[in-house]
Number of protein chains: 2
Amino acid sequence: MQKEAIYHRPKNNFAYAYDERTLHLRLKTKKDDTLSVTLIYGDPYDWKDNVWQYHKQKMLLTGSDDLFDYWTTSVEPPYRRMRYGFYLEDESESLVYTEKGFFTEQPLDTNDYFSFPFLNEIDVFKAPDWVKDTVWYQIFPERFANGDSSIDPKGVLPWGEYPPARDNFFGGDFQGVIDHLDHLTELGINGIYFTPIFKAKSNHKYDTIDYLEIDPQFGDKETFKQLIKACHERGIKVMLDAVFNHSGYYFEPFQDLLKNGEDSKYKDWFHVRSFPIETKPLPSYDTFAFEASMPKLNTENPEVKEYLLQVGKYWVEEFDIDGWRLDVANEIDHQFWRDFRRTVKQIKPELYILGEIWHDSMPWLQGDQFDAVMNYPMTSALLDHFAHETISVETMADRLTSLLHSYPDNVNEVAFNLLGSHDTPRMLTLANDRKDLVKLMYMLQFSFPGTPCIYYGDEIGMKGGADPGCRECMIWDKTEQDTELFDFLEELISLRKSHSAFGNSGSFHFVSAKDGVIQYKKETTTETLLFLINSSEVIQSVEDLSLSNETTSLFGNKIKPN
Amino acid sequence: MQKEAIYHRPKNNFAYAYDERTLHLRLKTKKDDTLSVTLIYGDPYDWKDNVWQYHKQKMLLTGSDDLFDYWTTSVEPPYRRMRYGFYLEDESESLVYTEKGFFTEQPLDTNDYFSFPFLNEIDVFKAPDWVKDTVWYQIFPERFANGDSSIDPKGVLPWGEYPPARDNFFGGDFQGVIDHLDHLTELGINGIYFTPIFKAKSNHKYDTIDYLEIDPQFGDKETFKQLIKACHERGIKVMLDAVFNHSGYYFEPFQDLLKNGEDSKYKDWFHVRSFPIETKPLPSYDTFAFEASMPKLNTENPEVKEYLLQVGKYWVEEFDIDGWRLDVANEIDHQFWRDFRRTVKQIKPELYILGEIWHDSMPWLQGDQFDAVMNYPMTSALLDHFAHETISVETMADRLTSLLHSYPDNVNEVAFNLLGSHDTPRMLTLANDRKDLVKLMYMLQFSFPGTPCIYYGDEIGMKGGADPGCRECMIWDKTEQDTELFDFLEELISLRKSHSAFGNSGSFHFVSAKDGVIQYKKETTTETLLFLINSSEVIQSVEDLSLSNETTSLFGNKIKPN
Ligand SMILES: [Ca+2]
Ligand SMILES: [Ca+2]
């Protein structure tokens, strides 16, 4: 066996508490190199006549990617503590793998084994229960609907009559959202993610001026309360966007710093590299990227931290919002996020915390910081295959398998699965207007572990390139909406609701991926769903489906049992 | 190249902030499989004409074990953020390895690379500065010295005239420690780790009755204050032992639970599995191991947490102690330890927090919980070779190399390196009285990254098997002390002080390990120390030392430059 390929390290995706009783264990081996893996485990203190009392349990091959096989099992240790190792076999040899390395004979000393010292409930990663049954809808408020022209910003353009530009306004607002909740209810979504709504200068509002005020172009706090109430009445959760990494240029403390320099009482609110403050050629203070107008906030400063934690609290306490989406979350310190979680969950334990992180996010998903991150690795796997056509179904399946095994299952169940956003071109555009491919992407997105999100307008076939192209005004003229896509999504959402195996209660694993066809299964104890997605240009026949007489078609082409 | 052997994942020992400016990067490859590794890195937002501005830097092979080569480099990213990948070469091919896998050509999209999103100073692992220059001395107070017979426990035995038993007493106390501080000063140690001193029934005091009282057999709070003062005057730090995982049987809340069962106001202070409370055959509540007399405390209960945090604070605030050693630290929840750190460091930022963990401890050493753990993997590597003689020098060097690369450098610098304790047989006994081997172990221990600890009495050649054998009364009769060992240790300690490369300012790496001889180097910018340790039974000659004319002997056999 290829020892160098074998990997395990506890307290991350390889060994974690799935719930307050259950541990999940995983092992990575070289692909097709190991025939079977057995977990050896026991209570560290369970000895009889000087012999450790261990048990054995076969592990399941839960997935493979291009390089590795992944083995998984789950155990409920009666005293919530465990020592363990792995017994591996191939045709010619057997090995025992533990924290101390490889052995030909099973070690007798429990100190040599891996340790999961104690399953403390408070450390278990646990997102709010409602999240995994949520289908999200992302709204960019300036462009969703104009319901109140009396508060339109100066120079507002007639709805949809001009292409979106970086600095134009069309007057979208809260009343517009309230007016169109029927559209969302009909679609079946039950969570709205709003990009920022706080006072700001731009149309996207990521340049916060005041974290405690609503931008007047969207409405007042009373209207916002009505909006939340209307959503809650329809069973729709509401998530806001928190831009805590940096403020806007017109944020008062930053203006004070610009004006008073070293004498500003806010000089430690930012990361000033040198005085006097310069904005060009390069800013003399840390920023988001190199944007002089986006000064990075010093979240290590107790005053700033206290201020932002108050902001986090305020909108939960006063407006009963259900989630915070955290912009540029990985550039802020972990200590801040731990205190943020503690602060907001104290007020509302069922609040959802979603970090914007594009990369591997295990350090933020240990139960002490976020409930989820925006699942861009899923996004890119799907887009690379279906839209960009740069990877085969095999590679897409490999990447998704690897992704699923790089996080705990309870993390995967609440991942925020998006295919597009205000930061990316729209999926229909990326797919070169191939609606059939868009549908296949939706099918995979909606049945993949996690919670899917629809970017406003995608459900009615809107198109658009990179920002600002993807921020066009929502089309409300029914005759211009693509109702075929809407109906398709409506049906997917309804399937998630009516079949728990379709949604997040079903386990997910790939059966095969070849010739442009992926085949995967989702299972609960009562139901097995088989998915067949053909993204090739031709009709494909799939063998060995081994369907039973009870098999019925749920969606798409009818299949006949053999 | 063996792709499956190549491993990197950020935010642990493979990529971490060494200090507020510096990132360390490591890569693991199959042993002898890769000729060179180059880091490709740059600021994520540094683009010119749509091309990412990256840099390249050769990585150093900083160690190898039986299976892997470890490559290391360090970077100071000017804007404290970085995207990076690795360029690997062997004779026949080259590869680029990033978060998204392997490429033959360097990817253009920074999203494909690994990310160290931002170096936030507050997240940097940072132990107190004084720790890395500390040499510890562990005192088991009941057995160190009896300085005040007026407070001897009932049934006390004459000092050293009986073998130690699990339940006998010899009357050791604080006054005894005060009386013998000269011994410690002469030896040169500058930190004392006391096993528990709080009110308890046993001689070891791990069965706490009252966390806020000193056990009367040791003295009163006034004497303890004098002891601390006397230590501080000599530049000696004092660390106490906190047994927070479980209480003693006679801890009042537990007694209340035994008495009142379900009606006890302390019923949620413990983890009761079922009422009525039973202590046998198995306790009906969680315990340390299966010891009915050691009920596990429910540290998730806010009342218990508050109580224990107060305890943590009290001894720092009132007595100015310098460190807390945390018993059975890994069975308590991470949340508790995060709050513990915050609480005690708020009072005394320079306090040292040392966890008792025998296994891989990365999850506790991320900067938010402990400053160090007891380095038992080092202990066992040395003992297995020098004492048990079950492994060769090659295997010992492999294990130590693997250990050093499994933690960040700043973690290694403050590891608590022990060769014996109240929990293990004494090293001279383990080494079958081979004093020469004991000396070699000390040499390696004292020059290994971390802070060495001497178990009381080991410095004068005391012997003893497993508990209770290793807890004999300290021998104060000079004629019965082994002064050769004392002098040897005194010299090692003095070398650590006079040569910064000997201590924790020197980088450490193995040059070779064969025929019973290990050769390693410690370097600073001004000095290089070469260590040669021959644990074989015969004289060995070592070739290719490539010594310069300026080479001098610091210790041991004189060597002649060629
Ligand atoms: Ca309006
Ligand atoms: Ca005494």
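Structure shown above.
Residues numbered from 1 in each chain as written. Chains lettered and ligands numbered in written order. Predicted model: local features only at pLDDT ≥ 70, side-chain atom pairs only at ≥ 80, totals over all residues. Heavy atoms only, no water.

Caption draft 1: The arrangement of the overall build of chain A in detail. Looking only at helices and strands, chain A has twelve helices and 25 strands in total. The C-alpha atoms of chain A give 26 Å as radius of gyration, which agrees with the globular expectation for 562 residues (24 Å, within 12%). Expressed along its principal axes, the backbone C-alpha trace of chain A runs to roughly 80 × 60 × 45 Å. A total of 562 residues make up chain A; the buried ones form 60% of that total. The long-range fraction of contacts in chain A, counting pairs at least 24 apart against all pairs at least 6 apart in sequence, stands at 67%. (Helix = DSSP H or I, 4+ residues; strand = E, 2+ residues; numbered from the N terminus. Rg over C-alpha atoms; globule rule 2.2 N^0.38 Å. Buried < 20%, exposed > 50% of the residue type's maximum accessible area, 1.4 Å probe, protein only. Contact = heavy atoms within 4.5 Å.)

Caption draft 2: Structural context of helix 11 (residues 435–447) of chain B. Residue and element names in this part refer to chain B. Helix length check: helix 11 (13 residues) gives 18 Å between terminal C-alpha atoms against 18 Å at 1.5 Å per residue, within 8%. Of all 13 residues making up helix 11, ten are buried, and the element is well covered by its neighbours. Looking at helix 11, one finds that the buried residues are Leu-437, Val-438, Lys-439, Met-441, Tyr-442, Met-443, Leu-444, Gln-445, Phe-446 and Ser-447. (Expected span 1.5 Å × (residues − 1).)

Caption draft 3: Highlighting the interface of chain A and chain B. Listed by partner, the interface residues are 61 residues for chain A and 61 residues for chain B. With both sides pooled, the region where chain A packs onto chain B buries about 5,600 Å², and carbon together with sulfur makes up 50% of that total. Together, Glu4(A), Arg9(A) and His359(A) form the three largest contributors to the area buried by chain A at its contact with chain B, with a combined 13%. The partner of Asp339(B) in a salt bridge is Arg342(A), with the nearest N and O atoms 2.7 Å apart. Where chain A touches chain B, the interface holds 42 residue pairs in polar contact (both at pLDDT 80 or more). (Buried area = accessible area lost by both parts, 1.4 Å probe. Salt bridge = Lys/Arg side-chain N within 4 Å of Asp/Glu carboxyl O. Polar contact = N/O pair within 3.5 Å; in protein donor to acceptor, adjacent residues only side chain to side chain.)

Caption draft 4: Region of interest: helix 5 (residues 302–319) of chain A. Residues and elements named next belong to chain A. The terminal C-alpha atoms of helix 5 lie 25 Å apart, and with 18 residues this matches the ideal 26 Å at 1.5 Å per residue to within 8%. Inspection of helix 5 places Val-304, Lys-305, Tyr-307, Leu-308, Leu-309, Val-311, Gly-312, Trp-315, Val-316 and Phe-319 among the buried residues, and these make up the whole buried set. Where helix 5 is buried, its residues touch strand 15 (198–200), strand 16 (208–214), helix 3 (221–233), strand 17 (237–242), strand 18 (323–326) and helix 6 (334–347). Directly beyond the C-terminal end of helix 5, a positive phi value near 60 degrees is found at Asp-320.

Caption draft 5: Up close: the packing of helix 11 (residues 435–447) of chain A against helix 12 (residues 483–498) of chain A. All names here are of chain A. The interhelical angle for the contact between helix 11 and helix 12, taken along N-to-C directions, is 15 degrees, at an axis separation of 10 Å. As judged from the angle between their axes, helix 11 and helix 12 are roughly parallel. For helix 11 against helix 12, the interelement crossing comes out right-handed. Facing Lys-435, Val-438, Lys-439, Tyr-442, Met-443 and Phe-446 of helix 11, the residues of helix 12 in contact are Glu-484, Leu-485, Phe-488, Leu-489, Leu-492, Ile-493 and Arg-496. The residue inventory of the contact of helix 11 with helix 12, partitioned by class, reads nine nonpolar, no polar and four charged. (Axes fitted to C-alpha atoms, helices over the stretch in contact; angles between N-to-C directions. Parallel < 35°, antiparallel > 145°, perpendicular 65-115°, else oblique. Left-handed = near helix turned anticlockwise from the far one by under 90°. Nonpolar A, V, L, I, M, F, W, Y, C, P; charged D, E, K, R; others polar.)

Caption draft 6: View of the packing of aromatic side chains. Residues and elements named next belong to chain B. Counted according to the given criterion, the structure contains 117 aromatic pairs over all chains. With a centroid separation of 4.9 Å and 25 degrees between ring planes, the pair formed by Tyr-97 and Phe-102 is classed as stacked. Relative accessible area serves as the criterion here: at 22%, Phe-102 is assigned to the partly exposed category. Taking 5.9 Å as the distance between ring centres and 75 degrees as the angle between the ring planes, the aromatic pair formed by Tyr-137 and Phe-144 counts as edge-to-face. Accessibility expressed as a relative area gives 0% for Tyr-137, which makes it buried. The exposure class assigned to Phe-144 is buried, which follows from its relative accessible area of 0%. One cation-aromatic arrangement involves Lys-56 over Tyr-87; the distance from NZ or CZ to the ring centre is 4.7 Å. Taking NZ or CZ as reference, Lys-225 lies 5.3 Å from the ring centre of Phe-319, over its face. (Phe/Tyr/Trp six-rings, centres within 6.5 Å; stacked < 30°, edge-to-face > 60°. Lys NZ or Arg CZ within 6 Å of the ring centre and 35° of its normal.)

Caption draft 7: Representation of the sheet that holds strand 14 (residues 191–194) of chain B. Residues and elements named next belong to chain B. Spatially, 20-19-18-17-14-13-22-21 is the arrangement adopted by the eight strands of the open sheet, whose pairing is parallel. Where the open sheet ends on each side, the last strands, each with one partner, are strand 20 (372–373) and strand 21 (416–418). Strand direction decides the pairing type here: strand 19 (residues 352–355) and strand 20, joined by two bridges, are parallel. Across the sheet, Leu-354 pairs through a bridge with Ala-372, a residue of strand 20. (Pairing = 2+ DSSP bridges.)

Caption draft 8: Quick look at the relation of the copies chain A and chain B. The transform that puts chain A on chain B rotates by 180 degrees and translates by 0.0 Å along the axis, for an RMSD of 0.0 Å. Read as a symmetry element, the transformation amounts to a two-fold axis. When C-alpha distances to the rotation axis are compared across chain A, the minimum falls at Ala5(A), with a value of 2.4 Å. Same-surface contact between copies: 100% of interface residues of chain A are shared with the interface of chain B. (Least-squares fit on C-alpha atoms with pLDDT ≥ 70 in both.)

Caption draft 9: Spotlight on the sheet that holds strand 17 of chain A. Residues and elements named next belong to chain A. Read from one edge of the open sheet, eight strands run 20-19-18-17-14-13-22-21, paired in parallel fashion. Two strands bound the open sheet, and with one partner strand each, they are strand 20 (372–373) and strand 21 (416–418). Sheet analysis places strand 21 next to strand 22 (residues 451–455), joined by three bridges and oriented parallel. Pairing of Leu-418 across the sheet is with Cys-453, part of strand 22.

Caption draft 10: Structural context of the coordination of the calcium ion (ligand 1). Surrounding the calcium ion (ligand 1) are the protein donor atoms Asn146(A) (OD1), Asp148(A) (O), Asp152(A) (OD), Gly171(A) (O) and Asp173(A) (OD), which sit 2.2 to 2.6 Å from the metal. Along the chain, the residues donating to the calcium ion (ligand 1) fall in the pattern N-x1-D-x3-D-x18-G-x1-D. (Donors = N, O, S within 2.8 Å, 3.2 Å for Na, K, Ca; no water.)

Caption draft 11: Seen up close, the pattern of salt bridges. By the definition in use, this model includes 74 salt bridges over all chains. Taking the shortest distance from any N to any O, the salt bridge between Arg26(A) and Asp409(A) comes out at 3.0 Å. Linking Arg26(A) in strand 2 (residues 23–30) with Asp409(A) in helix 9 (residues 409–412), this pair joins segments that are 383 residues apart in sequence. By relative accessible area, which is 3% here, Arg26(A) ends up buried. When the shortest N-O distance is used, the salt bridge between Lys348(B) and Asp322(B) registers 3.0 Å. With Lys348(B) in the loop between helix 6 (334–347) and strand 19 and Asp322(B) in the loop between helix 5 (302–319) and strand 18 (323–326), this pair connects stretches of sequence that are 26 residues apart. With a relative accessible area of 14%, Lys348(B) lands in the buried category.

Caption draft 12: The arrangement of the nonpolar core in detail. If you look at the biggest cluster of nonpolar residues, it comprises 136 residues, and the most contacted ones within it are Phe224(A) and Trp324(A). Residue contacts for Phe224(A): discarding those within four places in its chain leaves Phe174(A), Ile197(A), Ile214(A), Leu240(A), Trp315(A), Phe319(A) and Ile321(A). Ranked by size, the runner-up nonpolar core spans 134 residues in total, among them Leu257(B), Leu297(B), Met362(B) and Met374(B). (Core = buried A, V, L, I, M, F, W, Y, C linked by side-chain atoms within 4.5 Å.)

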